[in-house]
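Analysis of the macromolecular model
Residues per chain are reported as follows:
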Amino acid sequence: MHYIYKKKDIMKKALILLLFLVNLGFNYSALSQNKSKTINAFSNRLFNGKGYQPLADLKWKFKTNGKIFSSPIAQNGIVYIGSEDGFLYAIEEQSGKQKWKFKTNGAIHSSASISKNIVYIGSFDGYYYAVNATTGKQIWKFKTKGEHWYGEIGMWGMKPNDMLMNDLWDFYLSSPVIFKNQNTALVIFGSSDGNMYAVDSKNGTLKWTFKANEPIHTTPVIEKESLYFGGWNGIFYALNCKTGKERWRFSTDVKTGFKGIQASAVVANGLVYFGARDPYLFALNAETGKLVWKYNAENSWILSSAAVKDNTVYVGTSDTYALLALDAKTGQEKYRFKGNGYIYSSPAISGNTVYFGDFSGNFFALNLFSNGKESSFVSTENRKKYSSEILNNNHLDFAHASKDADLSIYAENQKVMDEFYKLGPIVSSPFINNNTIYFGSADGYIYAYNLKGE
């Protein structure tokens, strides 16, 4: 009998050891998957969190030598963000200290993506880069036919009418996204040269191109094997990720004279949502491209990319300074929250809180369930310094800032924008990690704020 009990005891211990090893293997696998998870600034604007979490104290701020239009991402204790000074920065999450920086020869208005310890980014120098996420060393670069601000001769009838004018509101370059199947991984991005490119993630060799004829500054979005994006021609496309072949297209049917799709799309519940300068938010059937509904944004452009949660679409507008909450199925407005300036920053949602910045330099945390009534905010350093001399009753006002200048002259519009940039506008979209929210500003800083508990 003693022998039988001993044998059972050994078998029991062996079973426990086996379960431990299996569990260890499972945890290691999960850990490995987390480390290799693909992240970009626009693929998912929903983050883990509970309840309403207002903004707490400033954890740190990091200064670059140029405006920041790029949006941050964070993985494995490092925040990655580009600056108009031409550098891609890797900053330690805990300390806010620079780990490394990677130099390009142009301003970086693209946002980074990361996959398998490689960071991908685009620059105004005409190249898209793959950089080792740990060391900051270049792995490869791919040359487009040139990156530039969108421009027109005599834009919107401004003077002089024979001058090529950069669009003063064209803030972004396309950010790379990663498509993976069993055999390959493609890095896909749009270009000012009018092409969508897909290159091999390991060596940057070209796999396919799709020509849209006018600049593509939106960041494409992948859902299953489809790629969704819009261009400056006012057309929204769905392509096959593997081949680059067009599945369908949808025209925003521009009637206002202000064409262009700058907002990245979001796909949820079989619909694809995106905004345009033709002042609507559109909801299309993701399979067919047929219009399901469109929301009239009251002559406001929608440059912000939407976030969808609990059958509600959250998106920012320009001239109405609104963060909208719309019914995801019908497009009916549930409520709106008014900021102090244009809301071009794409909202991030964590728990019951939506976070976003505005062009006056304020950054907000809004309780989703308060119908726009409960919020907290912080201001950029420059806003605190310059708001009294630039803003009108604490709000952005183009006419007020122009000091009665002739706004039919392009140079006068440039002067107003230069004044606005003193405030540290936020067009960067926030990213949340480890109970901290990160965002960039045109004052050159990336800010890290702690979030309060539930």
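Below you will find a few notes about this structure. (Residues numbered from 1 in each chain as written. Predicted model: local features only at pLDDT ≥ 70, side-chain atom pairs only at ≥ 80, totals over all residues. Heavy atoms only, no water.)

As for the overall build of the chain
So the rule is basically this: Segments assigned H or I by DSSP are reported as helices when at least four residues long, segments assigned E as strands when at least two residues long, and all are numbered from the N terminus. Only C-alpha atoms enter the radius of gyration, while the globule expectation follows 2.2 Å times N to the 0.38, with N the number of residues. The classification of residues rests on relative accessible area computed with a 1.4 Å probe and restricted to protein chains. Under 20% of the type maximum is buried, over 50% is exposed, and intermediate values are partly exposed. Throughout, a contact is declared for two residues whenever any of their heavy atoms are within 4.5 Å. In these tables, accessible area is a Shrake-Rupley quantity obtained with a 1.4 Å probe, and a residue counts as shielded only by the protein chains included in the view. In this tally, Lys and Arg are treated as positive and Asp and Glu as negative; His is ignored, and so are the chain termini. Note on charges: their place is set at NZ of Lys, CZ of Arg, CG of Asp or CD of Glu.
Scanning the chain from terminus to terminus reveals four helices and 36 strands. Taken against the 2.2 N^0.38 rule, which gives 22 Å for 454 residues, the C-alpha radius of gyration of the chain at 23 Å falls within 12% of a compact globule. Considered along the principal axes of its C-alpha atoms, the chain spans approximately 100 × 45 × 45 Å. Buried residues in the chain amount to 59% of all 454 residues. Here the contacts in the chain between residues at least 6 apart in sequence split such that 51% fall between residues at least 24 apart. Approximately 19,400 Å² of the chain is accessible, and the part contributed by carbon and sulfur atoms is 50%. Positive and negative side-chain charges of the chain, numbering 50 and 38 respectively, have mean locations separated by a distance of 12 Å.

Some points on the packing of aromatic side chains
Operational definition: The criterion for an aromatic pair is that two Phe, Tyr or Trp rings (for Trp, the six-membered ring) have centres within 6.5 Å, with stacked assigned to planes under 30 degrees apart, edge-to-face to planes over 60 apart and tilted to the rest. By definition here, charges over rings are those cases where NZ of Lys or CZ of Arg is within 6 Å of the ring centre and within 35 degrees of the ring normal.
In the structure shown here, the tally under the stated rule is 55 aromatic pairs. On the basis of an interplanar angle of 90° and a centroid distance of 5.4 Å, the ring pair of Trp-169 and Tyr-342 is categorised as edge-to-face. Residue Trp-169 is found in the loop between strand E13 (164-166) and strand E14 (177-180), and its partner Tyr-342 is found in the loop between strand E29 (333-338) and strand E30 (348-350); the two are separated by 173 residues along the sequence. Each member of the pair Trp-169 and Tyr-342 is classed as buried. Positioned above the aromatic ring of Tyr-445 is the side chain of Lys-63, whose terminal nitrogen or guanidinium carbon lies 5.5 Å from the ring centre. Against the face of Phe-87 rests Lys-101, its NZ or CZ located 4.2 Å from the ring centre.

A short note on the sheet that holds strand E4 (residues 73-75)
Keep this limit in mind: Pairs of strands are assigned from DSSP output, requiring at least two bridges between the strands. Axis geometry follows a simple rule: fit a line to the C-alpha atoms, using only the stretch in contact for helices, then measure angles between N-to-C directions, giving values from 0 to 180 degrees.
What the four strands build is an open sheet, ordered E4-E5-E6-E7; its pairing is antiparallel. Looking at strand neighbours, the two that pair on one side only are E4 and strand E7 (98-103), the edges of this open sheet. This sheet shows a mean twist of 20° between the axes of neighbouring strands, independent of strand direction. Relative to strand E6 (residues 87-92), strand E5 (residues 78-82) runs antiparallel, the two being bridged by five bridges.

Re the nonpolar core
Going by this rule: Residues enter a nonpolar core if they are buried and are Ala, Val, Leu, Ile, Met, Phe, Trp, Tyr or Cys, with the set joined through side-chain atoms within 4.5 Å.
Counting 46 residues, the largest nonpolar core has Leu-55, Tyr-80 and Ile-446 as the members making the most contacts within it. Here this core takes six residues from strand E36 (residues 445-451), the largest share from any one element. Judged by nonpolar contacts, the second largest core, of 29 residues, contains Met-158, Leu-168, Met-417 and Tyr-421.

With respect to the pattern of salt bridges
In plain terms, the rule: Throughout this description, the term salt bridge denotes a Lys or Arg side-chain nitrogen within 4 Å of a carboxyl oxygen of Asp or Glu.
All told, the structure shown has 11 salt bridges when counted by the stated rule. A salt bridge links Lys-67 to Glu-84, with the shortest nitrogen-to-oxygen separation between them at 3.6 Å. One end of the pair, Lys-67, is in the loop between strand E3 (55-63) and E4; the other, Glu-84, is in the loop between E5 and E6, with 17 residues separating them in the sequence. Of the residues examined, Glu-84 reaches a relative accessible area of 25% and is grouped as partly exposed. Of the charged contacts, one joins Glu-214 and Lys-259 as a salt bridge, the two residues approaching to 2.8 Å between their closest N and O atoms.

Points about the pairing of strand E11 (residues 138-143)
As paired strands, strand E10 (residues 127-132) and E11 are joined by five bridges and run antiparallel to one another. Bridging from a neighbouring strand, Tyr-127 pairs with Lys-143 of E11. In sequence, E10 turns back onto E11 through a hairpin of five residues, with Gly-136 there showing a positive phi of about 80°.

Concerning the side chain of Glu-147
What counts here: Polar contact is defined as a pair of N or O atoms within 3.5 Å, subject to the rule that within protein one atom must be able to donate a hydrogen and the other to accept it, and that residues adjacent in sequence are counted only when both atoms are side-chain atoms.
Relative to the assigned elements, Glu-147 resides in the loop between E11 and strand E12 (151-153). Although Glu-147 lies buried, it forms no salt bridge, and the closest oppositely charged side chain, Lys-143, sits 8.8 Å away as judged by the N-O distance. Of note is the side chain of Glu-147, whose polar atom sits 2.6 Å from the side chain of Thr-144. A polar side-chain atom of Glu-147 sits 2.6 Å from a polar atom in the side chain of Ser-191. With near-sequence residues (within four places) excluded, Glu-147 lies in contact with Ser-123, Phe-124, Gly-126, Tyr-128, Leu-173, Ser-191 and Ser-192.

Quick notes on the sheet that holds E10
Overall, antiparallel pairing links the five strands, which are arranged E1-E8-E9-E10-E11 in an open sheet. Each of the sheet's edge strands pairs with one partner strand only, and the pair in question is strand E1 (39-40) and E11. The sheet contact formed by strand E9 (residues 118-122) and E10 spans five bridges and is antiparallel. Within E10, the position partnered with Ile-118 by the bridge is Asn-132.

Let's talk about the environment of Ile-178
Position of Ile-178 among the secondary structure elements: in strand E14. Given the relative accessible area of 11%, Ile-178 is considered buried. As for Ile-178 and Val-221, which are separated by 43 residues in sequence, their C-alpha atoms are 9.4 Å apart. Apart from the residues within four sequence positions on either side, Ile-178 is in contact with Thr-38, Ser-115, Tyr-120, Ala-185, Leu-186, Val-187 and Ile-222.

Some points on unusual backbone geometry
Note that the residue after Lys-159, namely Pro-160, is joined by a cis bond; omega there is -5°. Position of Pro-160 among the secondary structure elements: in the loop between E12 and E13. Backbone geometry at Lys-403 places phi at a positive 55°, although glycine is not the residue there. Here Lys-403 shows up in the loop between helix H3 (398-402) and helix H4 (410-421).

Notes on the pairing of strand E35 (residues 436-440)
For a regular strand, side-chain orientation follows a simple rule: the groups alternate between the two sheet faces. The element E35 is largely enclosed, with a buried count of five among its five residues. On E35, burial covers both faces: Thr-436, Tyr-438 and Gly-440 on one face and Ile-437 and Phe-439 on the other are all buried. When strand E34 (residues 431-433) meets E35, the two strands line up antiparallel, connected through three bridges. Bridge assignment links Asn-433 to a residue of E35, and that residue is Thr-436. Hairpin connection between E34 and E35: a loop of two residues separates the two successive antiparallel strands, and Asn-434 in this loop has a positive phi of roughly 50°. As paired strands, E35 and E36 are joined by five bridges and run antiparallel to one another. Paired with Thr-436 across the bridge in E36 is Asn-450.

What is shown is where atoms sit, not what they do.
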